Amino acid sequence: EPEVYAMAWRDGAIYAGTSPNGKIYRIDPDSGQGTSFFDPQQAYIWALQVSGDDLLAATGIDGKLFRIGPNGEMRDPLGIAIGTGDGWQQNAAVGSNGDSFLVAFTSHSDGGQPHLYGVIVSASGVAGSRFTISDGPGYQTDPSIASAGGEYYVVWTDNHISGTGGIYGTRVSA
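Residues numbered from 1 in each chain as written. Predicted model: local features only at pLDDT ≥ 70, side-chain atom pairs only at ≥ 80, totals over all residues. Heavy atoms only, no water.

1. Description of the side chain of Q42
Phase 1: By the secondary structure assignment, Q42 is in the loop between β4 (34-38) and β5 (44-51).
Phase 2: Given the relative accessible area of 8%, Q42 is considered buried.
Phase 3: Of note is the side chain of Q42, whose polar atom sits 3.4 Å from the side chain of T59.
Phase 4: If we skip the residues at most four places from it in the chain, Q42 touches N21, G22, T59, G60, D62, K64 and F66. (Helix = DSSP H or I, 4+ residues; strand = E, 2+ residues; numbered from the N terminus. Buried < 20%, exposed > 50% of the residue type's maximum accessible area, 1.4 Å probe, protein only. Polar contact = N/O pair within 3.5 Å; in protein donor to acceptor, adjacent residues only side chain to side chain. Contact = heavy atoms within 4.5 Å.)

Below, the structure written as structure tokens:
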């Protein structure tokens, strides 16, 4: 049974990203009926974002970003690799500033606690290098992204080793 993990609104339709079957459904807002729109063959759709004519989908476990055209066509047939390295990626978020995209995600690639990383992707689909957003003691997860102009702001849940935690955030420049 699919669970909805992400949602976006574009051109009078609602799009829902599901897990664990990793499909995107287009939902008619009048009838409420959902139909399969896009299947990236990924386990999870963690985030959806509208950017111009495209719908962006951040996925896991492989950690990929898909740019999807208005008719469900893939702009990048294999997806754009954002979670490189060993391990698996989860809880991705995606934001767009109109010129580029930021994908933030939790990575379990260092063998220890999961930490938060990011990748800037150009409008043409070229992924930059992975960078650390937060790798403090404990683990960081559940990122969310907002954009204003050329900057992004990322917030996340941070659970310190002591068992206490909170909500933290930081600016990321494109």
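2. Here's the deal with the packing of aromatic side chains
Phase 1: Taken as a whole and assessed by the stated rule, the structure comprises 5 aromatic pairs.
Phase 2: Where Y44 meets W46, the ring centres are 4.9 Å apart and the plane angle is 15°; that geometry is what we call stacked.
Phase 3: Y44 gets classed as partly exposed once you look at its relative accessible area, which sits at 24%.
Phase 4: Residue W46 is classed as buried on the basis of its relative accessible area, which comes to 13%. (Phe/Tyr/Trp six-rings, centres within 6.5 Å; stacked < 30°, edge-to-face > 60°.)

3. Looking at the sheet that holds strand β9 (residues 89-96)
Phase 1: With antiparallel pairing, the 4 strands of this open sheet are ordered in space as β9-β10-β11-β12. Of all strands in the sheet, those bounded by a partner on one side alone are β9 and β12 (131-134). Each strand axis lies, on average, 30° off the axis of its neighbour in the sheet, ignoring direction. (Pairing = 2+ DSSP bridges. Axes fitted to C-alpha atoms, helices over the stretch in contact; angles between N-to-C directions.)

4. Notes on the environment of V126
Phase 1: Relative to the helices and strands, V126 resides in the loop between β11 (115-122) and β12.
Phase 2: Since its relative accessible area comes to 54%, V126 is described here as exposed.
Phase 3: Residues V126 and W156, 30 residues apart in the sequence, show an inter-C-alpha distance of 25 Å.
Phase 4: Apart from the residues lying within four places of it in its own chain, the contact partners of V126 are I120 and V121.

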